[in-house]
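# Notes for the structure review
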Amino acid sequence: MASQAKIPDADLESALRSLPGWTVAGGKLHREYRFADFVAAFGFMTTAALRIEAMGHHPEWSNVYNRVTVDLVTHDARGITAKDLELAAKLEEIARKLQ
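In this section: helix H1 (residues 9-16). Listing the buried residues of H1 in full gives Leu12, Ala15 and Leu16. Buried residues in H1, looked at end-on, bunch into an arc of 100°, giving them a common side. Exposed and facing more than 90 degrees away from the buried side of H1 are Ala10 and Glu13. Residues of H1 that are buried sit in contact with strand S1 (23-25), strand S2 (28-34) and helix H3 (82-98).

Another aspect to go through is the packing of helix H2 (residues 38-55) against H3. Relative to each other, H2 and H3 sit at 150°, their axes nearing to 10 Å. Both H2 and H3 take part in a crossing whose hand is right-handed. Contacts from Gly43, Phe44, Thr47, Ala48, Arg51, Ile52 and Met55 in H2 reach Lys83, Glu86, Leu87, Lys90, Leu91, Glu93, Ile94, Ala95 and Leu98 in H3. Here the contact of H2 with H3 is built from residues that sort into nine nonpolar, two polar and five charged.

Rules and cut-offs
- Residues numbered from 1 in each chain as written.
- Predicted model: local features only at pLDDT ≥ 70, side-chain atom pairs only at ≥ 80, totals over all residues.
- Heavy atoms only, no water.
- Buried < 20%, exposed > 50% of the residue type's maximum accessible area, 1.4 Å probe, protein only.
- Helix = DSSP H or I, 4+ residues; strand = E, 2+ residues; numbered from the N terminus.
- Arc of directions from axis to C-beta.
- Contact = heavy atoms within 4.5 Å.
- Axes fitted to C-alpha atoms, helices over the stretch in contact; angles between N-to-C directions.
- Left-handed = near helix turned anticlockwise from the far one by under 90°.
- Nonpolar A, V, L, I, M, F, W, Y, C, P; charged D, E, K, R; others polar.

Below, the structure written as structure tokens:
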């Protein structure tokens, strides 16, 4: 897979306006989702995993009870790329359907 270019800071700030709840932390796109309970949180991860695998772009994520914490970065580009923004948007779509 060809490496993607890191998104300039001004473009990233603009893109974040359409991704409520997402921030940049430690050079990565960051979001914490809260669900009703563990089953709902795990259901989100399971549903998202199928789309994530199809994209071939995998998040750094973890689950503790009803929370799922997600960090997105393109390691080859040493920063956030359009691929990270695309995955963030897909995660938002999935979360909206499950919350």
